[in-house]
Every structure is written in C-alpha cells, then in structure tokens.
Amino acid sequence: MHELSLIQALIETVAHSAVENDIAKVNTVKIVVGEVYGALPDALDFAFRVLTKDTVCEGAVLEIDKTPLVLKCGACGSEYQPDEINWKCPACGAGGVTAISGKELYVDYYEGD
Amino acid sequence: MKIIVGRDLLLANNDQAGVNRVLFKQSKVVAINLISSPGSGKTTLMEKTAGMLAGRLKIGVVVGDLYTERDAVRIEKAGAAAVQINTEGLCHLTADMVYRALQEMPPEELDVLFIENVGNLVCPAAFDLGEQMKVAVLSVTEGIDKPSKYPTIFREAGAVVISKEDLLPYTDFDLDTCLAELKEINDQLKIFITSAKTGLGLNEWCSWLESLAGAE
C-alpha cells in the first residue's frame, strides 16, 4: 500500500498550492502515474477518499492517468513496450535502455473554487 | 479555476534522499538498502554478518518494522549498532525516517550501514533512501516465482542473497531456474547462495562487503 504515501504527498502538494492560489475547495485532481510504480487505481482512489477527510480536497474527484512503460534502446534507438521480465531490446538484443514513458509520478492539475 | 501543478509526488522524499546520499559519501560509509519479503531471513543475515565482521568492519543497522523493537535488540546482541524505526503500518521506509535514525547512529562512525527495509517487495523499490545499492534477499522457502512476479526490485538491486539454502531438500525450489530468471531480469546481479545455519556462502558475502567498504 505505497498508494497511501503517494496520496499523502499528493494532498500536501495540492493543499499547499490551494493556499497560494486562494482556493477553498478542490473539486478535481488529476495525477499521472507511470506503470513502473505498480500503483493500483483502486487503491489510489481508496487512499484518496480516506486521507482527504477534513482537507481542502475532501469530496474531490481523483482522475488517474496511467502511462505505459515505453523504453528506448541505447544501441539501435528502437522504442518498445518491454516484456515484464526481459527489458532487453527486441530488435537488437541490447541491454542498455532508458525509459521514455512509464516513470512519471506527478500532480498534473487540480480544479477548485 | 484550474491550476497546473506538474509537481513530482516523490519530490520531498527524493530531496531528502539526496541529503542522505551526500551524508553517506562524506562519512565514507557504504549504505545498503536491504529489501525482501517478510520472513526471508534479513535479520538473521544481519546477525551473522555482524558476528563475522566484528573487529574487521564497523557495522550499523537501521531496522524498519511495522511494530516492535525485537529485531534491533537481536542485532545489537550480535555486536552491531542498531536503531529501530517503527513505521506503524507504513509498508516501506522513507528517506526522512532514515535521516532521523542517523541522528541516533552517526554514519561517520561506521564502515557499512544496512538499512533493513520493511518486509515487502513492492513499495520499498519506489522510495529512494539515498543508498549506494539495493540488495534483495530471497529465501528458498518462498518459491521461485518471486523474481518474475516482482521484477522491479531485482532489476534495481546490485546483489541478491538467496537464503536458507539448507532447506532446499525440503522444498520444490528449483535453484537453476531461479538463477536463470534472475539473470534474465538483471544480468549484472551479484548472487550469493547462503545458509545462516550451515554458514554456506557467508564468507563470500562478507568478503564482498569488505571489498565494497575498501572501495569507499
């Protein structure tokens, strides 16, 4: 349940920003979560409902944008979605890769009054 | 009103991990984040390691558990410095928890600092503590599918300790298949096959720790 820690950080981030922007009630929060974190949408949603109680985010809708893991091969430049276990490039077999998607974890935006 | 934020949710943790990393480097201590399922034998491995390296390396262990001080007491009895962190339900350690533990156990007095994470293969992999290396512990009583079910931690680890080798005859654990899967996930992994009971593999493990500490 690291979803709890992520949502706690999310609420702190939004609450801090809401004070700066003079927002008293948050209606929607959108987060982007990369596949690599293994965070479950249901668990994020549950944590959000529990932890937002008595905060500026209470009652808000949590929108989750889950990004797929996409790797780029350092040797041949191919972009691909890896097998769960084997992350090597399917085109050339090289092992050196960088993730170009799937490692995101941030608050995209929120809406409030 | 719509507010664009774009703030990384792990920013606070990652900032603190950066502070820890600098502290470890300045203190010339090798910090190892030890990750496994519950019951894999992390604490027993720490006890044996502390005993075998007594007089050779100064070992400290930050022990993360949901509740109780039992593990820290065991490790102190074995001769290493230990600080217990109770996460009170949180399934992983955070960089801030480690930083607070370091106030009780100054890293400059140590050669190797083990950060024994909460028993869990998923969440600890996402939280940087500032360590130089993650080491995963996998016991033969768990079955061989842990690496393929939880590949992230084995991909990020620098080494794997396979523990409880003495129990192999009583399980259907297929060591060769497990080793092949580990290699497939991460062909850079250093692998130690050990038994705290018979002592198998522990000399090799301790020598490796000494070489890491010497390289610092």
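As a reminder, the structure under discussion sits directly above these lines.
All values reported here derive from a predicted model rather than from experimental measurement.

A. Representation of the overall build of chain B in the model. For chain B, the count of helices and strands is eight helices and eight strands. Taken over the C-alpha atoms alone, chain B extends approximately 65 × 45 × 35 Å along its principal axes. Counting across all 216 residues of chain B, residues that qualify as buried make up 52%. Pairs at least 24 apart in sequence give 72% of the contacts found in chain B among residues at least 6 apart. Computing the positive centroid from 21 side-chain charges and the negative centroid from 30, chain B places the two 1 Å apart.

B. Quick peek at helix α1 (residues 3-20) of chain A. The end-to-end C-alpha distance of α1 of chain A is 26 Å, a good match for the 26 Å that 18 residues give at a rise of 1.5 Å each. Within the span of α1 of chain A, buried status applies to E3, S5, L6, I7, A9, L10, I11, T13, V14, S17 and A18 of chain A. The secondary structure elements touched by the buried residues of α1 of chain A are β1 (26-34), α2 (41-51), β2 (61-67) and β6 (105-112) of chain A together with β1 (2-8) of chain B.

C. Layout of the interface of chain B and chain A. Listed as interface residues are 24 residues of chain B and, on the opposing side, 25 residues of chain A. Where chain B abuts chain A, roughly 2,300 Å² becomes buried across the two surfaces, and 65% of that area is made up of carbon and sulfur atoms. For chain B, the biggest contributors to the area lost against chain A are M1, I3 and L9 of chain B; these three give 29% of the whole. Counting across the interface, chain B meets chain A through one salt bridge. For D187 of chain B, the salt bridge identified is with K88 of chain A, shortest N-O distance 3.7 Å.

D. Broad picture of the packing of α1 of chain A against α2 of chain A. Residues and elements named next belong to chain A. Taken N-terminus to C-terminus, the directions of α1 and α2 make an angle of 50 degrees; their axes are 9 Å apart at the nearest point. Our classification of the angle between α1 and α2 gives oblique. α2 is crossed by α1, and the crossing has right-handed handedness. Seen from α1, the contacting residues are E3, L4, L6, I7, Q8, L10 and I11; seen from α2, they are A43, L44, A47, F48 and L51. Classifying every residue of the contact of α1 with α2 gives ten nonpolar, one polar and one charged.

E. Molecular detail of the sheet that holds β1 of chain A. Judged by pairing direction, the sheet is mixed, and its four strands sit side by side in the order β2(A)-β1(A)-β6(A)-β1(B) without closing on themselves. With partners counted over all chains shown, the strands left at the sheet margins are β2 of chain A together with β1 of chain B, one partner each. Adjacent strand axes in the sheet meet at a mean angle of 15 degrees when their direction is disregarded. Two strands pair when backbone bridges link them, and β6 of chain A and β1 of chain B are joined in this way by five bridges, in the antiparallel orientation. Pairing of Y109 of chain A across the sheet is with I4 of chain B, part of β1 of chain B. Those strands touched by α2 of chain A are β1 and β2 of chain A, and its axis lies near 150 degrees from that of β2 of chain A.

F. Up close: the sheet that holds strand β8 (residues 190-193) of chain B. Residues and elements named next belong to chain B. A sheet is described by the order of its strands in space; here seven strands give the open sequence β4-β3-β5-β2-β6-β7-β8, paired in parallel fashion. Lying at the two open borders of the sheet, with one neighbouring strand each, are β4 (81-86) and β8. Sheet twist, expressed as the average angle between the axes of neighbouring strands with direction ignored, equals 20 degrees. Pairing of strand β7 (residues 159-163) with β8, which is carried by four bridges, proceeds in the parallel orientation. Residue pairing for β8: I162 is matched across the bridge by I193. Of the strands in this sheet, β3 (59-65), β4 and β5 (112-116) touch helix α4 (residues 95-102), which is tilted by about 140 degrees from β4.

G. Up close: the nonpolar core. Ranked by internal contacts, the top residues of the largest apolar core, which has 37 residues, are L10, V26 and V29 of chain A. If you list the elements that add at least two residues to this core, you get α1, β1, α2, β3 (70-73) and β6 of chain A. Leaving out residues up to four positions away in the same chain, L10 of chain A has contacts with V29, I31, F48, L62 and V107 of chain A together with L9 of chain B. By size, the runner-up hydrophobic cluster in this structure holds 29 residues, among which are I32, I59, I75 and W205 of chain B.

H. Expanded view of helix α7 (residues 175-185) of chain B. Residues and elements named next belong to chain B. Turning to α7, its buried residues are L175, C178, L182 and I185. Along the axis of α7, the buried positions cluster into a sector of 90 degrees, meaning they face one direction only. Contacts from the buried residues of α7 go to β6 (133-139), α5 (146-149), α6 (151-156), β7 and β8. Where α7 begins, the side chain of D174 points an oxygen toward the backbone nitrogen of D176, at a separation of 3.2 Å.

Definitions and cut-offs
- Residues numbered from 1 in each chain as written.
- Chains lettered and ligands numbered in written order.
- Predicted model: local features only at pLDDT ≥ 70, side-chain atom pairs only at ≥ 80, totals over all residues.
- Heavy atoms only, no water.
- Helix = DSSP H or I, 4+ residues; strand = E, 2+ residues; numbered from the N terminus.
- Buried < 20%, exposed > 50% of the residue type's maximum accessible area, 1.4 Å probe, protein only.
- Contact = heavy atoms within 4.5 Å.
- Lys, Arg positive; Asp, Glu negative; His and termini not counted.
- Charge placed at Lys NZ, Arg CZ, Asp CG, Glu CD.
- Expected span 1.5 Å × (residues − 1).
- Buried area = accessible area lost by both parts, 1.4 Å probe.
- Salt bridge = Lys/Arg side-chain N within 4 Å of Asp/Glu carboxyl O.
- Axes fitted to C-alpha atoms, helices over the stretch in contact; angles between N-to-C directions.
- Parallel < 35°, antiparallel > 145°, perpendicular 65-115°, else oblique.
- Left-handed = near helix turned anticlockwise from the far one by under 90°.
- Nonpolar A, V, L, I, M, F, W, Y, C, P; charged D, E, K, R; others polar.
- Pairing = 2+ DSSP bridges.
- Core = buried A, V, L, I, M, F, W, Y, C linked by side-chain atoms within 4.5 Å.
- Arc of directions from axis to C-beta.
- Polar contact = N/O pair within 3.5 Å; in protein donor to acceptor, adjacent residues only side chain to side chain.

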